[in-house]
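Structural description and commentary
Listed below are the residues making up each chain.
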Amino acid sequence: MAPWMTTTTERYGVVTWNFIGLGVKQLSLEVGDTVHIQETCDGWYKGYLVRNKDRQGAFPASVVQLRKVIIEKQGDQEVVLSAEMPLVKEVTTTLREWGSIWKQLYVTNKKKRVVQVRRLMWDLMEWRSQLLSGTLPSDEFKELKQKVTSKIDYGNKYGP
């Protein structure tokens, strides 16, 4: 096995598949977790969870989708920040929250509410995809930002 190498390019990612770590050296991950990557070796990464730096270890590179980052130097420390648009981050966070609520509604058999929340989520997923495509003219982009913001506000007030 090759030695672990500090990575300068693969620094931040979102987990796309659950991974159950074996032992204390492997980091268990769930879909949607975000990770800071510090080292790489033969298709594996070492790093930690963004939301809990105490949880660190090795995990397969295949379960992580890499994201663009901005690295800021603060003295001898590096701060790794996501380069995603703030609105895309907001939509992603909202979808995670609403997804949990949708699941609870589904389990408790509240069919009408399940359909309502699902419709809200589908709209946000479609619009998020359009935002990420980077192909919208500026006027359509501004209009879409307004629609997304209004939908999130509506959903938080009347939806889930």
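Just so it is clear, the model here is predicted, and its values are computed rather than measured.

Before going further, it helps to spend a moment on the domain arrangement of the chain. By the assigned domains, the chain splits into domain 1 (5-82) and domain 2 (86-159). Inter-centroid distance (C-alpha atoms) of domain 1 to domain 2 is 27 Å.

Burial along strand E2 (residues 12-15) is two-sided: Tyr-12 and Val-14 and Gly-13 and Val-15, pointing in opposite directions, are all buried. With three bridges connecting them, E2 and strand E3 (residues 34-41) associate as antiparallel partners. For Gly-13, the partnering residue across the bridge sits in E3 and is Val-35. Inspection of the sheet shows E2 paired to strand E6 (residues 64-66) by three bridges, in the antiparallel sense. In the strand pairing of E6, Val-15 is matched with Val-64.

Next up on the list: the UniProt feature "domain: SH3" (unreviewed entry) in the chain. Under the UniProt annotation, the feature "domain: SH3" (unreviewed entry) is placed at residues 8-69. Annotated as residues 8-69, this span is 0% helix and 50% strand, and its ends, taken at the C-alpha atoms, are 11 Å apart.

Let's shift gears to the side chain of Thr-7. Tracing the backbone shows Thr-7 in the loop between strand E1 (5-6) and E2. Of the polar contacts made by the side chain of Thr-7, one reaches the backbone nitrogen of Thr-9; its length is 3.4 Å. Once you skip the residues sitting within four places of it in the chain, Thr-7 turns out to touch Ile-37, Gln-38, Glu-39 and Thr-40.

The next subject is the side chain of Lys-151. Tracing the chain through its elements places Lys-151 in helix H3 (residues 138-158). At a separation of 2.9 Å, a polar atom in the side chain of Lys-151 contacts the side chain of Asp-123. Apart from the residues lying within four places of it in its own chain, the contact partners of Lys-151 are Trp-98, Leu-120, Asp-123, Leu-124 and Trp-127.

Compared with an ideal rise of 1.5 Å per residue, which puts 23 residues at 33 Å, helix H2 (residues 111-133) spans 33 Å between its outermost C-alpha atoms and is within 8% of the ideal. For H2, the set of buried residues is Val-114, Val-117, Leu-120, Met-121, Leu-124, Trp-127, Arg-128 and Leu-131. Once H2 ends, the next one or two residues include Gly-134, with phi positive near 70°.

Let us look at the environment of Thr-7. Relative accessible area serves as the criterion here: at 6%, Thr-7 is assigned to the buried category. Through-space distance from the C-alpha of Thr-7 to that of Ile-37 is 7.5 Å; in sequence the pair is 30 residues apart. Reaching out from Thr-7, the side chain makes a polar contact with the backbone nitrogen of Glu-10 at a distance of 3.1 Å.

This part covers the pairing of strand E4 (residues 44-49). Pairing analysis gives six bridges linking E3 to E4, with the strands arranged antiparallel. Bridge pairing links Cys-41 to Trp-44 in E4. In textbook terms, the turn of a hairpin is the stretch between consecutive antiparallel strands, and for E3 and E4 this stretch comprises two residues, one of which, Asp-42, has a positive phi near 45°. Where E4 lies against strand E5 (residues 52-60), six bridges are found, and the strand directions are antiparallel.

Quick look at the nonpolar core now. Judged by nonpolar contacts, the single largest core of 16 residues is most densely connected at Val-91, Leu-124, Leu-131 and Val-148. Those elements giving two or more residues to this core turn out to be helix H1 (86-107), H2 and H3. Sequence-distant contacts of Val-148, defined by excluding residues within four places in its chain, comprise Leu-87, Val-91, Leu-124, Trp-127 and Leu-131. Core analysis: the second largest hydrophobic core is formed by twelve residues, Phe-19, Leu-27, Ile-37 and Phe-59 among them.

Conventions and cut-offs
- Residues numbered from 1 in each chain as written.
- Predicted model: local features only at pLDDT ≥ 70, side-chain atom pairs only at ≥ 80, totals over all residues.
- Heavy atoms only, no water.
- Domains from an automatic or database assignment.
- Buried < 20%, exposed > 50% of the residue type's maximum accessible area, 1.4 Å probe, protein only.
- Helix = DSSP H or I, 4+ residues; strand = E, 2+ residues; numbered from the N terminus.
- Pairing = 2+ DSSP bridges.
- UniProt positions renumbered as here; feature names shortened; annotations may be inferred.
- Polar contact = N/O pair within 3.5 Å; in protein donor to acceptor, adjacent residues only side chain to side chain.
- Contact = heavy atoms within 4.5 Å.
- Expected span 1.5 Å × (residues − 1).
- Core = buried A, V, L, I, M, F, W, Y, C linked by side-chain atoms within 4.5 Å.

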